[in-house]
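Tertiary structure, described
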Amino acid sequence: LRGCWKVVLGHQLADLPQLWPHLSHLDLTETKADDTALTNASFLRRLEYLATRRCWDMSSKGMAALAQGACSTSLCWLDMEQTNIDDVGASHIAQMRGLTCLNLSHTYLTSAGVQALGQGSCTGLRHLSLCRLKGLDDSGVSALTTLTRLRALRLKHCRNVSDKAVHALHDALAPHRLQHMELEGCWAVPLSTISALWGVSVLPEAPAPIPASLVYGGPGCFWGEDDEPQEITEGFGAVMHA
């Protein structure tokens, strides 16, 4: 249903759980889906992937329904980039135990919301994207040290994140599973720190096309430069773009 902005409204998804009870992937990106749509989606017991990018009519009320619904344990991939999700919404997302991939980039999240994620029940997160969060600072980044299963973290253009916070995050997570970090646009983190801790890898100007098998994500993929899933190479390294 991606891009069906003239069609998809909350009440039009009311029969979704009855018509497709085994639905596992639902993409509502760039539609008029609202809190009612999230409430209806919450009844899908086998829902694993949900994307709501640029759905501006959703609020914390819809997130509460999603977190308390039948899909709360099955949902593992949640992409809510460029939405109105705030710290209250993040506190509901933090209750979802099954989440492994979460994208909350370019939202209204602040350090308080990121702290809720670090202190919540979503301890199985492996891929986390928090790019372009104006309200994210060191206090929020430090809360991520509890996510010991994290393999990939994106903090691109988080300009209030300091060198000290990056060092602390490295010391806490690198001994566990963290392999990939993106820090492009973090002005307070010097290149010397990135080089000393992780080395520098420059991406080619024209990256290879994304394999079709990775379109909906999986254990070895993450959002790339254009915020689409891409494969993660082995080895721990921060990515710097030319």
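Below, the structure is looked at part by part.

What counts and how
Residues numbered from 1 in each chain as written. Predicted model: local features only at pLDDT ≥ 70, side-chain atom pairs only at ≥ 80, totals over all residues. Heavy atoms only, no water. Helix = DSSP H or I, 4+ residues; strand = E, 2+ residues; numbered from the N terminus. Buried < 20%, exposed > 50% of the residue type's maximum accessible area, 1.4 Å probe, protein only. Core = buried A, V, L, I, M, F, W, Y, C linked by side-chain atoms within 4.5 Å. Contact = heavy atoms within 4.5 Å. Phe/Tyr/Trp six-rings, centres within 6.5 Å; stacked < 30°, edge-to-face > 60°. Lys NZ or Arg CZ within 6 Å of the ring centre and 35° of its normal. Salt bridge = Lys/Arg side-chain N within 4 Å of Asp/Glu carboxyl O.

**Here we look at the side chain of Ser42**
In this fold, Ser42 is placed in the loop between α2 (35-41) and β2 (49-51). Taking the relative accessible area as the measure of exposure, Ser42 reaches 3% and is therefore buried.

**Looking at the nonpolar core**
Residues Leu78, Ile93 and Leu130 are the most contacted members of the largest nonpolar core, which totals 54 residues. Among the elements that line this core, the one with the most residues is helix α7 (residues 163-173), at four residues. Ignoring any residue separated from it by four or fewer positions in sequence, one finds Ile93 in contact with Met63, Leu78, Met80, Ile85, Leu99, Leu102, Leu104 and Leu117.

**What about the environment of Gly113?**
Looking at the secondary structure, you find Gly113 in helix α5 (residues 111-119). Separated by 27 residues in sequence, Gly113 and Asp86 have C-alpha atoms that sit 7.1 Å apart. Setting aside its immediate chain neighbours within four residues, Gly113 contacts Asp87 and Ala90.

**A short note on the packing of aromatic side chains**
Tallied over the entire structure, the rule returns one aromatic pair. Across from the ring centre of Trp187, 3.8 Å away, lies the NZ or CZ of Arg159, which sits over that ring.

**Quick notes on unusual backbone geometry**
Glycine aside, a negative phi is what most residues show, and trans is what most peptide bonds show. Of note, the phi angle at Glu30 is positive, near 55 degrees, even though the residue is not glycine. Here Glu30 lies in the loop between β1 (25-27) and α2. Among the residues examined, Glu30 registers a relative accessible area of 37% and is labelled partly exposed. If you check the backbone angles, Arg54 has positive phi at about 55 degrees while not being a glycine. Note that Arg54 resides in the loop between β2 and α3 (60-68). Judged by its relative accessible area of 23%, Arg54 falls in the partly exposed class.

**Section: the pattern of salt bridges**
Side chains that carry opposite charge are capable of pairing whenever their charged atoms lie near each other. All told, the structure shown has seven salt bridges when counted by the stated rule. With a closest N to O distance of 2.8 Å, Arg54 and Glu30 form a salt bridge. One end of the pair, Arg54, is in the loop between β2 and α3; the other, Glu30, is in the loop between β1 and α2, with 24 residues separating them in the sequence. Because the salt bridges share partners, they merge into one network encompassing Arg154, Lys156, Glu182 and Glu184.

**Points about α5**
Along α5, the positions that sit buried rather than exposed are Ser111, Gly113, Val114, Ala116, Leu117 and Gly118. Next to the buried residues of α5 lie α4 (87-93), β4 (101-103) and α6 (138-142).

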